[in-house]
Amino acid sequence: MPGENYCFACGPENPIGLHLDFHFEEDKYVAEKTLPHEYQSYEGVVHGGIITTMLDEAMGGYLYSGGERAVTARLDVRYRKTTPVGEHLVITGWEESRRGSFVNMKATIALADGTVTAEGTAKMALVD
Ligand SMILES: CCCCCCCCCCCCCCCC(=O)SCCNC(=O)CCNC(=O)[C@H](O)C(C)(C)COP(=O)(O)OP(=O)(O)OC[C@H]1O[C@@H](n2cnc3c(N)ncnc32)[C@H](O)[C@@H]1OP(=O)(O)O
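Residues numbered from 1 in each chain as written. Predicted model: local features only at pLDDT ≥ 70, side-chain atom pairs only at ≥ 80, totals over all residues. Heavy atoms only, no water.

- Looking at an unreviewed UniProt entry, the protein chain carries the name Acyl-coenzyme A thioesterase THEM4, with the source organism given as Selenomonas caprae.
- UniProt lists a comment for the protein chain under the heading Sequence similarities (unreviewed entry), and it reads "Belongs to the THEM4/THEM5 thioesterase family." (UniProt positions renumbered as here; feature names shortened; annotations may be inferred.)

So, in structure tokens, the structure goes:
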């Protein structure tokens, strides 16, 4: 059975995964990615489900990389502008607050000039 290295969003061993490669920049969890046309919906536009996947990963992966295991309990996405395929994207996740076993997270996807195309807000449930 494949392990976490098969994570669709970030697992390096998943042959059809997104291979997002995150790192911490101070208290932000950041990855850069240019998506090819295989991930589009309308011409030139990244599929909304892929956008949601990247935001989810930025938030869940933030906790995982900090030594906590969490599942997404609730996720809200605001698609502010279309996100283009073939352009450099910056995906960023961070923690806003926590209460008990739930952590409130935020994430954005931005173009190279800083324009935010999508924002995610999630409630992540800490699990053992
Ligand atoms: C280079 C190396 C690579 C390494 C590679 C690493 C890979 C690692 C990557 C990690 C990054 C993964 C990022 C993606 C993460 C996912 O995609 S996880 C998959 C998607 N999520 C799931 O499958 C979660 C499924 N849901 C559950 O497991 C359970 O419902 C939960 C969320 C744990 C909660 O269960 P529970 O603790 O038993 O709570 P429950 O009894 O249902 O509710 C108790 C109370 O908690 C609160 N509550 C429960 N659920 C909710 C909710 N959704 N919203 C608000 N309040 C809630 C409520 O107050 C509730 O009371 P009621 O309103 O029901 O009266």
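1. Describing the layout of surface pockets
Gaps between atoms show up when a probe of the same size as a water molecule is rolled over them.
Moving on, step 1. There is about 510 Å³ of room inside the largest pocket.
Moving on, step 2. Forming the walls of the largest pocket are 23 residues, and the residues nearest its centre are Cys7, Cys10, Glu57, Gly61 and Tyr64.
Moving on, step 3. Only α1 (48-65), β3 (69-79) and β6 (116-127) provide two or more residues apiece to the lining of the largest pocket.
Moving on, step 4. Looking at which element gives the most residues to the lining of the largest pocket, the answer is α1, with 6 residues. (1 Å grid on protein atoms, 1.4 Å probe; cavity = no way out; pocket = protein on both sides within 12 Å on 5 of 7 lines; lining within 4 Å. Points joined across faces, edges and corners; volume = space filled by probe spheres on them. Helix = DSSP H or I, 4+ residues; strand = E, 2+ residues; numbered from the N terminus.)

2. Some points on the site of the ligand
Moving on, step 1. Around the ligand, the surrounding shell holds 16 residues, and the nearest of these are Glu4, Asp56, Thr72, Ala73 and Phe102.
Moving on, step 2. Measuring from a nitrogen atom of the ligand, one finds a backbone N or O atom of Thr72 at 3.0 Å.
Moving on, step 3. A distance of 2.7 Å is found between a nitrogen atom of the ligand and a backbone nitrogen or oxygen belonging to Ala73.
Moving on, step 4. Against a free-state accessible area of 1300 Å², the protein chains account for coverage of 44% of the ligand.
Moving on, step 5. Where the shell around the ligand is concerned, the elements lending two or more residues are α1, β3 and β6.
Moving on, step 6. Among the elements that line the shell around the ligand, the one with the most residues is α1, at 5 residues.
Moving on, step 7. A class-by-class count of the residues in the shell around the ligand yields 7 nonpolar, 4 polar and 5 charged. (Near = heavy atom within 4 Å. Polar contact = N/O pair within 3.5 Å; in protein donor to acceptor, adjacent residues only side chain to side chain. Areas by Shrake-Rupley, 256 points an atom, 1.4 Å probe, with all protein chains shown as cover. Nonpolar A, V, L, I, M, F, W, Y, C, P; charged D, E, K, R; others polar.)

3. Considering the pairing of β6
Moving on, step 1. Relative to β6, β3 runs antiparallel, the two being bridged by 10 bridges. Note that in β6 the partner of Ala70 across the bridge is Leu126.
Moving on, step 2. In the sheet, strand β5 (residues 102-111) pairs with β6 via 9 bridges, with the strands oriented antiparallel. Bridge assignment links Lys106 to a residue of β6, and that residue is Thr121.
Moving on, step 3. The loop that links β5 with its antiparallel partner β6 comprises 4 residues; one of these, Gly114, has a positive phi angle of about 95 degrees. (Pairing = 2+ DSSP bridges.)

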